[in-house]
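# Architecture at a glance
Chain by chain, the residues:
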Amino acid sequence: MQQHVPPFPAEPAGDLLAGVIRHDWTREQVRALFALPFPDLIFAAQRVHRLHFDPREVQISTLLSIKTGGCPEDCAYCPQSAYYDTGVAAAKLMDLDAVLTAATAAKAAGAGRFCMGAAWRAPKDRDLDQVCAMIGGVRALGLETCVTLGMLTPPQAWRLKRAGLDYYNHNIDTSPEFYGEIITTRTYQDRLDTLAHVRDAGIHVCCGGIVGMGESVEDRAGMIATLASLTVHPESVPINMLMRVEGTPLAGEAALDPLEFVRTIAVARITMPASMVRLSAGRESMSAETQALCLLAGANSIFYGPKLLTTANPEPDRDLALLDRLGMVSMGGSAP
Ligand code: SF4
């Protein structure tokens, strides 16, 4: 006897799945998306994705650590925090020539955006002189620029804007409730304030979080609801899988079911239809099949290159082979 299958979508209401850009997502609605049967969730994410993007295209970014380690913040996942003994040696801010050499190589490898990360709580004004020179130099190579430098004041955000910065990365990491379990040296509101300063200065926002830190589905829903109800959605939404680095408090965290990661990508895609959803840290330990599912769920950006700040990232050749196997291409060009 044939089983009765209710017409899709039974719950949540179809208009939530229509790919319309909205900023009034409630926690309840986002929770309902997480609770959808997997096939319905992926189908909805695909539908939304195709309304706004070419589903074959993937944007490629490269990330360079321009100032490594010795960070005074206590983010429980981070090998660069001075609180934890992880074997990451602290290094000074890189010089301009070395940064431009790395950016030139990234461009030759097919990157469209070059991200530079510094392990600071907040940059000093004199640090910004050097970072502004890097932004100008990387832009002159024809690459989009992104930096992540910690908390910013409004005048600092404007300085970066005048230097030609395209994107600023500053993640909210998790839900407001779970945040205190992960970071105690700055508040959720500090993060939201920096995001507002960046937005006010006219810089595109790159903001996402990390899953697999021991948070609940409710926390994942809280993180996505926070991002999706910002007045303007972040243009880039990096979703990271925790890298369990020895020496950090989260080193012994149980591995998250990869399908929960895929779900988070899909919910980000549905709630922020026109944003680039980036498959970020954690790819190294993911199977090609999980990565393919993430791309099917609406991820359309990856970090490319052998190093993701201080942890491993898949070798470029493996990335190329995966995109090739999937018949996908880099955004704005052919396969890199
Ligand atoms: S995530 Fe950033 S702010 Fe936090 S400890 Fe690491 S480098 Fe510092």
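Structure shown above.
Here goes a summary of the coordinates provided. (Residues numbered from 1 in each chain as written. Predicted model: local features only at pLDDT ≥ 70, side-chain atom pairs only at ≥ 80, totals over all residues. Heavy atoms only, no water.)

### Remarks on the overall build of the chain
Condition: For the purposes of this entry, the term helix denotes a DSSP run of H or I that reaches at least four residues, the term strand denotes a run of E that reaches at least two, and both are numbered from the N terminus. Here the term buried applies to any residue with accessible area under 20% of the maximum for its type, exposed to any over 50%, and partly exposed to those in between, with areas from a 1.4 Å probe on protein chains only. Here, two residues are considered to be in contact whenever any of their heavy atoms come within 4.5 Å of each other. Note on areas: Shrake-Rupley with a 1.4 Å probe; residue coverage comes only from the protein chains shown. Residues counted as positive are Lys and Arg, residues counted as negative are Asp and Glu, and His and the chain ends are not counted. Each charge is placed at NZ for Lys, CZ for Arg, CG for Asp and CD for Glu.
Helices and strands together make up the secondary structure of the chain, namely 11 helices and 12 strands. Dimensions of the chain, computed from C-alpha atoms along their principal axes, come out at roughly 70 × 45 × 40 Å. Expressed as a percentage of its 336 residues, the buried residues of the chain come to 54%. If you take every contact in the chain between residues at least 6 apart in sequence, the share linking residues at least 24 apart comes to 74%. Counting every atom, the chain has about 14,000 Å² of accessible surface; 56% of that belongs to carbon and sulfur. When the 29 positive and 37 negative side-chain charges of the chain are each reduced to one mean point, those points stand 4 Å apart.

### Looking at the packing of helix α3 (residues 96-108) against helix α4 (residues 125-140)
The following threshold applies: An axis is simply a line fitted to the C-alpha atoms; with a helix, the fit covers only the stretch in contact. Between two such axes, the angle follows the N-to-C directions and lies from 0 to 180 degrees. We call two directions roughly parallel when the angle between them is under 35 degrees, roughly antiparallel when it is over 145, roughly perpendicular when it lies between 65 and 115, and oblique otherwise. Crossings are assigned a handedness: left-handed for a near helix turned anticlockwise from the far helix by less than a right angle, right-handed for a clockwise turn. Put simply, Ala, Val, Leu, Ile, Met, Phe, Trp, Tyr, Cys and Pro go in the nonpolar bin, Asp, Glu, Lys and Arg in the charged bin, and everything else, Gly too, in the polar bin.
Between α3 and α4, the shortest axis-to-axis distance is 10 Å and the interhelical angle comes to 30°. Classified by the interaxial angle, the pair formed by α3 and α4 is roughly parallel. In the crossing of α3 with α4, the sense of the turn from one axis to the other is right-handed. Between α3 and α4, the residues in contact are Leu-96, Val-99, Leu-100 and Ala-103 and Ala-133, Met-134, Gly-137 and Val-138, respectively. The class makeup of the residues in the contact of α3 with α4 is seven nonpolar, one polar and no charged.

### A word on the packing of helix α1 (residues 27-34) against helix α9 (residues 258-271)
Contact geometry of α1 with α9 gives a least axis separation of 9 Å together with a crossing angle of 130°. Taken as axis vectors, α1 and α9 run oblique relative to one another. Handedness of the crossing formed by α1 with α9: right-handed. Residues Val-30, Leu-33 and Phe-34 of α1 touch α9, and the partners they reach there are Arg-263, Thr-264, Val-267, Ile-270 and Thr-271. In terms of residue class, the contact of α1 with α9 is built from five nonpolar, two polar and one charged.

### Focus on the site of the ligand
Heads up, the rule is: Being near a molecule or strand, for a residue, comes down to having at least one heavy atom within 4 Å of it.
Near the ligand, the surroundings consist of Cys-71, Glu-73, Cys-75, Tyr-77, Cys-78, Ser-81, Ala-119 and Arg-186. For the shell around the ligand, the per-class residue count stands at five nonpolar, one polar and two charged.

### Examining the packing of aromatic side chains
For clarity, the threshold we go by: Stacked, tilted and edge-to-face are the three classes assigned to paired rings of Phe, Tyr and Trp, where Trp is represented by its six-membered ring and a pair needs centres within 6.5 Å; plane angles under 30 degrees give stacked, over 60 edge-to-face, the rest tilted. Placement of a positive charge over a ring is assigned whenever Lys NZ or Arg CZ falls within 6 Å of the ring centre and within 35 degrees of the normal to the ring plane.
All chains considered together, the criterion is met by two aromatic pairs. Measuring from centroid to centroid gives 6.2 Å for Tyr-83 and Tyr-84, while their planes differ by 45°, and the two rings are tilted. Above the ring of Trp-25, the side-chain terminus of Arg-22 is found at 4.3 Å from the ring centroid. If you follow Arg-113 out to its NZ or CZ, it ends over the ring of Tyr-167, 3.6 Å from the centre.

### Thoughts on the pattern of salt bridges
Here is the rule: Think of a salt bridge as a Lys or Arg side-chain nitrogen and an Asp or Glu carboxyl oxygen that are within 4 Å of each other.
What the rule picks out here adds up to 14 salt bridges. For Glu-260, the salt bridge identified is with Arg-263, shortest N-O distance 3.9 Å. Of this pair, Glu-260 and Arg-263 both sit in helix α9, three residues apart, roughly one helical turn. Comparing Glu-260 with Arg-263 shows no difference in burial state: the two are buried. By sharing partners, the salt bridges in this structure join Arg-27, Arg-31, Glu-177 and Glu-218 into a single network.

### Brief notes about unusual backbone geometry
Excluding glycine, most residues fall at negative phi; most peptide bonds, likewise, are trans. Positioned with a positive phi, Asp-173 is a non-glycine residue whose angle comes to about 75°. Tracing the sequence through the fold places Asp-173 in the loop between β4 (167-169) and α6 (179-182).

### Some points on the side chain of Thr-145
As for its placement among the helices and strands, Thr-145 is situated in strand β3 (residues 144-148). Under the relative-accessibility criterion, Thr-145 is labelled buried at 0%. Beyond its immediate chain neighbours, meaning those up to four positions away, Thr-145 contacts Phe-114, Ile-135, Val-138, Arg-139, Gly-164, Leu-165, Asp-166 and Tyr-167.

### A short note on the pairing of strand β2 (residues 113-118)
Where we set the bar: Any two strands are treated as partners once DSSP identifies two or more bridges connecting them. Orient the strands so they point away from the viewer, and a crossover whose first-strand-to-second-strand path over the helix runs clockwise is right-handed.
Most of β2 sits inside the fold, with six of its six residues counted as buried. Side-chain alternation along β2 places Arg-113, Cys-115 and Gly-117 on one buried face and Phe-114, Met-116 and Ala-118 on a second face that is also buried. Bridge count for strand β1 (residues 57-67) against β2 is six bridges, and the pairing is parallel. Of the residues in β2, the one forming a bridge with Thr-62 is Phe-114. The parallel pair β1 and β2, bridged by α3, forms a crossover whose chirality is right-handed. Here five bridges tie β2 to β3, and the two strands are oriented parallel to one another. Bridging from a neighbouring strand, Met-116 pairs with Val-147 of β3. Regarding the hand of the β-α-β motif, the stretch spanning β2, α4 and β3 is right-handed.

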